[in-house]
Amino acid sequence: DAKTTQPPSMDCAEGRAANLPCNHSTISGNEYVYWYRQIHSQGPQYIIHGLKNNETNEMASLIITEDRKSSTLILPHATLRDTAVYYCIRQTGGSNYKLTFGKGTLLTVNP
Amino acid sequence: NAGVTQTPKFQVLKTGQSMTLQCAQDMNHEYMSWYRQDPGMGLRLIHYSVGAGITDQGEVPNGYNVSRSTTEDFPLRLLSAAPSQTSVYFCASSPPPSIFYNSPLHFGNGTRLTVT
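Residues numbered from 1 in each chain as written. Chains lettered and ligands numbered in written order. Predicted model: local features only at pLDDT ≥ 70, side-chain atom pairs only at ≥ 80, totals over all residues. Heavy atoms only, no water.

### Brief notes about the pairing of strand E6 (residues 61-64) of chain A
All names here are of chain A.
Okay, step 1: Summarising the sheet, strand E5 (residues 55-56) and E6 pair through two bridges and their orientation is antiparallel. Considered in E6, the bridge of Thr 56 is made with Ser 61.
Okay, step 2: Here E6 pairs with strand E7 (residues 70-75) via four bridges, running antiparallel. Residue pairing in the sheet places Ser 61 in a bridge with Ile 74 of E7.
Okay, step 3: If you look at the hairpin formed by E6 and E7, you'll find five residues sitting between the two strands, and Arg 68 has a positive phi there, around 65 degrees. (Pairing = 2+ DSSP bridges. Helix = DSSP H or I, 4+ residues; strand = E, 2+ residues; numbered from the N terminus.)

Encoded structure:
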């Protein structure tokens, strides 16, 4: 039970924004939303996380709905190197060492 | 900083053989964990440790042993390898979280194990 729901795959044109949705309708008040990605054959890489406010860093933006039941990861200008599996994960502050990963979304960025 | 280092990168075992997958981190992280990833699947937690001398089971612990004698190292032992243990194994570490911040996991690049 991954506790989040993501589409299995998405396509995006190079240079365009990639918007990856995640449903976490049963999220608790103390659970953060974390995003990781896994580029082929490598270990997962942390992207961004948030609790209830929108967040932005050098890699991406995270938009969390007001009711916190869903979120969207935005890669503003996707490149071919952004092709990867993206995982959306719920995580309480005290359990970061035992995350539950689902199957994620395979994002394919096309030239 | 090397981050999280896993060795070996590839390994082939015969059924019944034993081996140890090594994981070392140089970030002084207290938390470490082992995941396995099968084709088309997400990562599943095998064992984890919240500090030296403390380990606990994750979602799929059967067939694996761990120990944590130092902060830096967290080896995973397969006592009697089975074909069902053919997988990619990832080690991860993080500092302990606090009320002031969350701590993302730092992953190694995996060990690809085949059991014949």
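### Details of the interface of chain A and chain B
Okay, step 1: The partner chain B presents 23 residues to the 22 residues of chain A that form the contact.
Okay, step 2: Both sides of the chain A and chain B interface together cover about 1800 Å² of buried area, and 53% of this is carbon and sulfur.
Okay, step 3: On the surface where chain A and chain B come into contact, there are zero salt bridges.
Okay, step 4: Here chain A is connected to chain B by five residue pairs in polar contact (both at pLDDT 80 or more).
Okay, step 5: Contributing elements (two or more residues each) for the side of chain A that touches chain B: strand E3 (31-38), strand E4 (45-50) and strand E8 (84-92) of chain A.
Okay, step 6: Among the elements that make up the side of chain A that touches chain B, the one with the highest residue count is E3 of chain A (four residues).
Okay, step 7: Here the residues of the side of chain A that touches chain B sort into nine nonpolar, 11 polar and two charged. (Contact = heavy atoms within 4.5 Å. Buried area = accessible area lost by both parts, 1.4 Å probe. Salt bridge = Lys/Arg side-chain N within 4 Å of Asp/Glu carboxyl O. Polar contact = N/O pair within 3.5 Å; in protein donor to acceptor, adjacent residues only side chain to side chain. Nonpolar A, V, L, I, M, F, W, Y, C, P; charged D, E, K, R; others polar.)

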